[in-house]
Amino acid sequence: MHHHIPGRKGLTEKKDIISLMPEKEVYIPLAAGANTDFEIFVSEGDKVQIGTKLAQTKSGFFVPLYSSVSGTYMGIKKRMSAMLKPMDHMVIALDETQTKTQALMPLDYHTATREECVEQIKQAGIVGLGGAGFPTYVKYQKPDGIDCIIINAVECEPYLTADHQLMLEHAEEIMVGVSILMKAVKVNKAFI
């Protein structure tokens, strides 16, 4: 016997994406999946901007961490993490200005090589959201045997409509991302 779980998507499916800003401080976990071995590039009291490189892994897969806010780096605090265990977090007290710095030099994917595209993905610190934090660049280093890209645009969990709305509001940027991934694995087909 099969039971259909109600999607309840009507609660949010027609609402715009909103940006939420923390009020006082943010906590950035020093973790890349199970790896907690990081080199830290800032000192307590340093001013940081959105895009400041804060740390990167010392061992295992390369994963850099960048600041998502501007403010003052307050040091490390151990607190409960999304992994349901205490973990070191970098603490940043927000400032009023929320200034940005260029985290990476822009790369023109039209003229860049496949390898340069993969390196940019690596340096950007893009990781999977499945819990393991697996770095995306690793999947694109050896594209042998791949003949297409599949973008899973199915949002199957009840209540969730954020991905759907993101595709509606940012379709052009998503298509640029798809084009970059196609170049990274040397294919000319993508299915969404």
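Relevant structure appears above.
So, a few notes on the structure that sits alongside this text. (Residues numbered from 1 in each chain as written. Predicted model: local features only at pLDDT ≥ 70, side-chain atom pairs only at ≥ 80, totals over all residues. Heavy atoms only, no water.)

Right, let's get into the packing of aromatic side chains. One pass over the full model with this rule turns up one aromatic pair. Measuring from centroid to centroid gives 5.2 Å for Phe 61 and Phe 134, while their planes differ by 80°, and the two rings are edge-to-face. With Phe 61 in the loop between β4 (53-57) and β5 (64-66) and Phe 134 in the loop between α1 (114-124) and α2 (136-140), this residue pair connects regions lying 73 residues apart in the sequence. Given the relative accessible area of 41%, Phe 61 is considered partly exposed. Of note, Arg 79 hangs over the ring of Tyr 27, and the distance from its end group to the ring centre comes to 3.7 Å. (Phe/Tyr/Trp six-rings, centres within 6.5 Å; stacked < 30°, edge-to-face > 60°. Helix = DSSP H or I, 4+ residues; strand = E, 2+ residues; numbered from the N terminus. Buried < 20%, exposed > 50% of the residue type's maximum accessible area, 1.4 Å probe, protein only. Lys NZ or Arg CZ within 6 Å of the ring centre and 35° of its normal.)

The subject of this paragraph is the sheet that holds strand β6 (residues 71-80). Each strand in a sheet pairs with another by means of backbone hydrogen bonds, the pair being arranged parallel or else antiparallel. In space, the four strands of this open sheet follow the order β1-β7-β6-β3, with antiparallel pairing throughout. The sheet is open, and its two borders are formed by β1 (25-29) and β3 (47-48), each paired with just one other strand. Sheet topology places β3 next to β6; two bridges connect them, and they run antiparallel. Considered in β6, the bridge of Val 48 is made with Gly 71. (Pairing = 2+ DSSP bridges.)

Right, let's talk about the environment of Lys 77 for a bit. Note on placement: Lys 77 falls in strand β6. Counting along the chain gives 105 residues from Lys 77 to Met 182, while the straight-line C-alpha distance between them is 40 Å. In this structure Lys 77 touches Tyr 27, Met 87, Asp 88, His 89 and Val 91, once residues within four positions along its chain are discounted. (Contact = heavy atoms within 4.5 Å.)

In this structure, Ile 28, Leu 54, Met 90 and Ile 92 are the most contacted members of the largest nonpolar core, which totals 16 residues. Every element with two or more residues in this core is listed here: β1, β4 and β7 (86-94). Counting residues per element, this core draws most heavily on β7, at three residues. In this structure, Met 90 is in contact with Val 26, Tyr 27, Ile 28, Leu 30, Ile 40, Val 42, Leu 54, Ala 55, Tyr 73 and Gly 75, ignoring residues within four places of it in sequence. Counting residues in hydrophobic clusters, the runner-up holds 12 residues, among them Tyr 140, Val 178, Met 182 and Val 185. (Core = buried A, V, L, I, M, F, W, Y, C linked by side-chain atoms within 4.5 Å.)

Treat this as a map of the structure, not an account of what it does.
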